[in-house]
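Here's the letter readout for the chains.
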Amino acid sequence: MTHTTVEQLAAGPLTILSEDEEMFRSSVREFAEGELRPRVETMDEEKKLDPELIKQCFALGLMGIETPEEYGGAGATFFTAIIGVEELSRVDPSVGVFVDVQNTLVNNALIRWANAEQKKKYLSQLAAEKVGAYALSEAGSGSDAFALTTRAVETSDHYVLNGRKLWITNGSEAEIFIVFANVNPEAGYKGITAFIVERNFPGFSVGKKENKLGIRASSTTELIMEDCIVPKENVMGEVGKGYKSAIETLNEGRIGIGAQMIGIARGALEASLRYTSERVQFDKKVNEFQGVQFQLAEMATQLEAARLLVYNAARLKDAGRPFLKEAAMAKLYSSRAAERIASQAIELYGGYGFVKDYPVEKFWRDSKIGAIYEGTSNMQLQTIAKLIIGGK
Ligand SMILES: Cc1cc2nc3c(=O)[nH]c(=O)nc-3n(C[C@H](O)[C@H](O)[C@H](O)COP(=O)(O)OP(=O)(O)OC[C@H]3O[C@@H](n4cnc5c(N)ncnc54)[C@H](O)[C@@H]3O)c2cc1C
């Protein structure tokens, strides 16, 4: 779908999809139902994505949704990527974030900030076969991202990177990493620079993998750089301007997390509608009790509100309009909605909601991350407050 079509659609209802968007949604849904659903439980238990599934994500074009066709991508819109993440997360939010990071952070950063040679080399690999990761956070710098201490020292023909990154999604699978390091700590955040680092560069290794509450099949790892040699041509964007690409990419990326959250909320609501239409107590299906009906109605309303916020932020981005406040609101609200809806789903399942034989306990565990990564809820509130009140 072209950007002109997006402009035209912007005047219409947010939830009405174009023909291309509808087709994409149904193909991702078919994949999620057919290939993903049977693997969800095992991947959660084994804390690992099935490599076969990763191959299928590439074959379906899910790993280069916005990547221009000249680099082997689908050349679609940001909104299309959002629909993909939502549909995958409806079945498994671990696969949702796997695809989300590749598209809304890694490819997105390269499309926006990389030079022509870098795009040709890396976007093509990322669309075809290689997984990417986005490495900003460190043990001592999360919300305060610019306090990162990974150091990059320039030599005659390359940079030498030293430091450790923490919490890096796709760390186990990735072969291409966008790594943020400081070339001049005295200049503070104005020394931060983005580097494209390949897994096999000398001095680079992947460290400990986290054992998590939710999105357990998604890998979250440490990255270790010990005198890691990075060629000068692998600086992405301008030296000292990495802070700008880091933040601007995350501003967009958090709409993707919103999509992951509405996918979770939909999965939990659909499961609840199904279960309450089958479960009988007091000789009635439990969805015949008004108390249960009202709970389902609340869940559906919260989901609809979250979906509108996420879709609007994505459509604004595609239309080239300001979207910062809307993206922050979308992530804040959708992560809360997902957590509430998944929690209510557990209660509607009764005792069965509390055990792993049914999907809803996993949705609840998976929802919790929405309030943490790509800026905690407090950081979203801070962004929204700044934009509505003004000032620093
Ligand atoms: C599963 C997972 C995957 C992740 N994936 C990635 C990734 O791929 N790449 C990457 O770079 N990072 C990633 N992260 C890191 C993530 O972005 C950070 O965890 C997040 O930004 C929060 O940072 P922190 O953990 O250091 O918490 P802190 O910043 O230490 O926050 C602790 C608490 O203090 C609050 N707080 C901090 N500062 C303020 C303030 N100024 N005002 C009000 N409250 C404040 C926070 O809201 C939070 O409640 C991931 C994290 C997890 C858990």
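Thresholds, definitions, all that
Residues numbered from 1 in each chain as written. Predicted model: local features only at pLDDT ≥ 70, side-chain atom pairs only at ≥ 80, totals over all residues. Heavy atoms only, no water. Helix = DSSP H or I, 4+ residues; strand = E, 2+ residues; numbered from the N terminus. Rg over C-alpha atoms; globule rule 2.2 N^0.38 Å. Buried < 20%, exposed > 50% of the residue type's maximum accessible area, 1.4 Å probe, protein only. Contact = heavy atoms within 4.5 Å. Areas by Shrake-Rupley, 256 points an atom, 1.4 Å probe, with all protein chains shown as cover. Lys, Arg positive; Asp, Glu negative; His and termini not counted. Charge placed at Lys NZ, Arg CZ, Asp CG, Glu CD. Near = heavy atom within 4 Å. Polar contact = N/O pair within 3.5 Å; in protein donor to acceptor, adjacent residues only side chain to side chain. Nonpolar A, V, L, I, M, F, W, Y, C, P; charged D, E, K, R; others polar. Salt bridge = Lys/Arg side-chain N within 4 Å of Asp/Glu carboxyl O. Patch = residues over 30% accessible without salt bridge, like charges linked within 9 Å, V, L, I, M, F, W, Y side chains within 5 Å.

Participant: Would you mind going over the overall build of the protein with me for this structure?
Facilitator: Counting its regular elements, the protein contains twelve helices and ten strands. Taking 392 residues into account, the globule formula puts the C-alpha radius of gyration at 21 Å, and the protein, at 21 Å, falls close to it. Projecting the C-alpha coordinates of the protein onto the three principal axes gives extents of approximately 80 × 45 × 45 Å. In the protein, buried positions account for 55% of the 392 residues. Contacts spanning at least 24 positions in sequence make up 74% of the contacts within the protein whose residues lie at least 6 apart. With the model as given, the accessible surface of the protein reaches about 16,900 Å², and the carbon-plus-sulfur share is 53%. Side-chain charges in the protein split into 45 positive and 53 negative, and the spacing between the mean points of these groups amounts to 4 Å.

Participant: I tried to follow the environment of V106 on my own but got confused; where do I start?
Facilitator: With respect to the helices and strands, the residue V106 is situated in helix α6 (residues 93-113). A relative accessible area of 0% means that V106 is categorised as buried. Distance in space between the C-alpha atoms of V106 and V131 is 9.2 Å, their sequence separation being 25 residues. Leave out the neighbours within four places in its chain, and V106 touches V101, L126, G132, A133, Y134 and I178.

Participant: Honestly, the site of the ligand in this entry has me stumped. Any pointers?
Facilitator: Taken together, 19 residues form the shell around the ligand, and within it S137, S143, W167, T169 and T376 come nearest. Between the ligand and Y134, the relevant distance is 2.8 Å, taken from a nitrogen atom to a main-chain nitrogen or oxygen of the residue. Contacts to the ligand include T169, whose side-chain N or O atom sits 2.8 Å from a nitrogen atom. Of the residues belonging to the shell around the ligand, the class tally is nine nonpolar, eight polar and two charged.

Participant: Help me understand the pattern of salt bridges, please; the structure alone is not making it clear to me.
Facilitator: Where side chains of opposite charge bring their charged atoms close, a pairing between them can arise. The tally for this structure, following the rule as stated, stands at 31 salt bridges. Taking the shortest distance from any N to any O, the salt bridge between K241 and E238 comes out at 3.4 Å. On the basis of relative accessibility, which here comes to 52%, the residue E238 falls in the exposed class. Here E248 makes a salt bridge to K244, at a shortest N to O gap of 2.9 Å. Residue E248 and its partner K244 are located together in helix α8 (residues 242-278), separated by four residues, close to a single helical turn. On the basis of relative accessible area, K244 is assigned to the partly exposed category, the value being 35%. Sharing partners across several salt bridges, the network here consists of R25, R29, E33, R37, E86, E87, R90, R266, E270, E304 and R307.

Participant: When you look at a nonpolar patch on the surface in this model, what are you seeing that I'm missing?
Facilitator: A contiguous nonpolar patch, built from Y352, F354, V355 and Y358 and spanning about 410 Å² of accessible area, is present on the exposed surface. Tracing the chain through its elements places V355 in the loop between α10 (324-348) and α11 (360-367). Among the residues examined, V355 registers a relative accessible area of 35% and is labelled partly exposed.

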